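As a plain string of letters, each chain reads:
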Amino acid sequence: GIQVEQSPPDLILQEGANSTLRCNFSDSVNNLQWFHQNPWGQLINLFYIPSGTKQNGRLSATTVATERYSLLYISSSQTTDSGVYFCAVERWAAGNKLTFGGGTRVLVKP
Amino acid sequence: DVKVTQSSRYLVKRTGEKVFLECVQDMDHENMFWYRQDPGLGLRLIYFSYDVKMKEKGDIPEGYSVSREKKERFSLILESASTNQTSMYLCASTGPPPTDTQYFGPGTRLTVL
């Protein structure tokens with residue numbers, strides 16, 4: 001099956017810092033999503049981004065499908081950004097079935 | 001806003017018990033999913049459903065079954081709970097393309113003693 005690798009596995013930031021999270025995948029995909037899991041376990045969809053660039057407030061994401069990677073940018077980080085960030089992909093014709101990466105655990109210190 | 005709810009946040013059961021985890025979504029989504037999340041193993045798909053009374057196995061279906069009698073409700077059943085089924089269980093739903101975004105419920109942390 002498709003492999004999804006996220007880096008770094010852990011990230012500690014000082015409040016106000018910027019950071020980049022990376023997601024590499026091993027096969028062509030037609031669906032890529034970024035999620036944030038808060039400390040209480042709730043997964044929130046951040047971006048649906050199979051290709052191109054999107055921005056939502058302090059977060060933005062870029063997917064280069066031809067090179068099989070996606071980047072999530074966090075700018076001016078806040079303590080509420082802490083949690084685990086997951087990348088998930090769907091191969092072509094996989095019927096909305098997502099394969100998740102291992103996640104990047106982010107801790108933003110005040 | 002899409003809302004996905006799960007019947008319990010925390011659940012404690014004994015080995016051998018039959019366990020029902022309920023998930024309800026309010027956006028008329030066709031597709032619903034059950035995952036389990038374990039430290040070091042990430043999220044793994046147990047079962048999914050494309051429509052009422054339809055179900056398909058995910059990556060780790062052993063020891064589980066599902067039921068989808070109504071479009072908005074997708075139930076996960078542990079026929080005879082075992083300690084290795086202690087985990088966080090997450091339900092999700094998604095609409096048809098192009099709105100393929102998955103929306104998750106708050107999760108049920110199940111402990112089997």
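Structure's up top.
Since we're looking at a predicted model, the values are computed, not measured.

Caption draft 1: Expanded view of the overall build of chain A. Looking only at helices and strands, one finds zero helices and eleven strands in chain A. Along the chain direction, N to C, the helices and strands of chain A fall in the order β-β-β-β-β-β-β-β-β-β-β. For 110 residues, the compact-globule formula gives about 13 Å, and the C-alpha radius of gyration of chain A, at 13 Å, lands near that figure. The dimensions of chain A, computed from C-alpha atoms along their principal axes, are 45 × 25 × 20 Å. The long-range fraction of contacts in chain A, counting pairs at least 24 apart against all pairs at least 6 apart in sequence, stands at 56%. Accessible surface for chain A amounts to roughly 5200 Å². Of this, 49% is attributable to carbon and sulfur atoms. The distance from the centre of the 8 positive side-chain charges to the centre of the 7 negative ones in chain A is 3 Å.

Caption draft 2: Layout of the pairing of strand β7 (residues 64-70) of chain B. Two elements, β7(B) and strand β8 (residues 73-78) of chain B, share five bridges in a ladder whose sense is antiparallel. Residue B:Lys70 lies in a different strand from β8(B), and its bridge partner there is B:Arg73.

Caption draft 3: Seen up close, the side chain of A:Gln6. All names here are of chain A. Of note, Gln-6 is situated in strand β1 (residues 4-7). When its relative accessible area of 12% is taken as the criterion, Gln-6 is described as buried. A polar side-chain atom of Gln-6 sits 2.9 Å from the main-chain amide nitrogen of Cys-87. Polar contacts involving the side chain of Gln-6 include one to the main-chain amide nitrogen of Gly-103, which spans 3.0 Å. In this view, Gln-6 contacts Arg-22, Cys-23, Trp-34, Tyr-85, Phe-86, Cys-87, Gly-101, Gly-102, Gly-103 and Thr-104; residues no more than four positions away in its chain are not counted.

Caption draft 4: Up close: the side chain of A:Asp81. With respect to the helices and strands, the residue A:Asp81 is situated in the loop between β8 (69-74) and β9 (83-91). Excluding anything up to four places from it in sequence, A:Asp81 contacts A:His36, A:Arg58, A:Ile74, A:Val106 and A:Val108.

Caption draft 5: Structural detail: the packing of aromatic side chains. Tallied over the full model, the rule gives ten aromatic pairs over all chains. Consider the rings of A:Phe100 and B:Phe104, whose centres lie 6.2 Å apart with planes at 75°: the pair is edge-to-face. Of the two residues, A:Phe100 sits in strand β10 (residues 99-100) while B:Phe104 sits in strand β10 (residues 102-104), which places them in two different chains. Accessibility expressed as a relative area gives 10% for A:Phe100, which makes it buried. With a centroid separation of 6.1 Å and an interplanar angle of 20°, the aromatic rings of B:Phe33 and B:Phe48 are classed as stacked.

Caption draft 6: The arrangement of the sheet that holds strand β1 (residues 4-6) of chain B in detail. Residues and elements named next belong to chain B. Read from one edge to the other, the open sheet built from four strands follows the order β1-β3-β8-β7, with strand pairing classed as antiparallel. The sheet is open, and its two borders are formed by β1 and β7, each paired with just one other strand. Taken pair by pair, the neighbouring strands of this sheet meet at an average axis angle of 20°, ignoring direction.

Caption draft 7: Representation of the state of the cysteines within the structure. Taken as a whole, this structure holds two disulfides over all chains when the rule is applied. The side chain of A:Cys23 participates in a disulfide bridge whose partner is A:Cys87; the two sulfur atoms lie 2.0 Å from each other. Taking the sign of the S-S torsion, -55° for the link of A:Cys23 and A:Cys87, the bridge is left-handed. Highlighted residues: A:Cys23 in strand β3 (residues 19-25) and A:Cys87 in strand β9, separated in sequence by 64 residues. A relative accessible area of 0% means that A:Cys23 is categorised as buried. What pairs with B:Cys23 in a disulfide is B:Cys91, and their sulfur atoms sit 1.8 Å apart. Its S-S torsion of about -75° marks the bond between B:Cys23 and B:Cys91 as left-handed, since a negative value means left-handed. Here the residue B:Cys23 occupies a position in strand β3 (residues 19-25), and B:Cys91 occupies one in strand β9 (residues 87-94), the gap between them amounting to 68 residues.

Criteria and cut-off values
Residues numbered from 1 in each chain as written. Chains lettered and ligands numbered in written order. Predicted model: local features only at pLDDT ≥ 70, side-chain atom pairs only at ≥ 80, totals over all residues. Heavy atoms only, no water. Helix = DSSP H or I, 4+ residues; strand = E, 2+ residues; numbered from the N terminus. Rg over C-alpha atoms; globule rule 2.2 N^0.38 Å. Contact = heavy atoms within 4.5 Å. Areas by Shrake-Rupley, 256 points an atom, 1.4 Å probe, with all protein chains shown as cover. Lys, Arg positive; Asp, Glu negative; His and termini not counted. Charge placed at Lys NZ, Arg CZ, Asp CG, Glu CD. Pairing = 2+ DSSP bridges. Buried < 20%, exposed > 50% of the residue type's maximum accessible area, 1.4 Å probe, protein only. Polar contact = N/O pair within 3.5 Å; in protein donor to acceptor, adjacent residues only side chain to side chain. Phe/Tyr/Trp six-rings, centres within 6.5 Å; stacked < 30°, edge-to-face > 60°. Axes fitted to C-alpha atoms, helices over the stretch in contact; angles between N-to-C directions. Disulfide = S-S within 2.5 Å.

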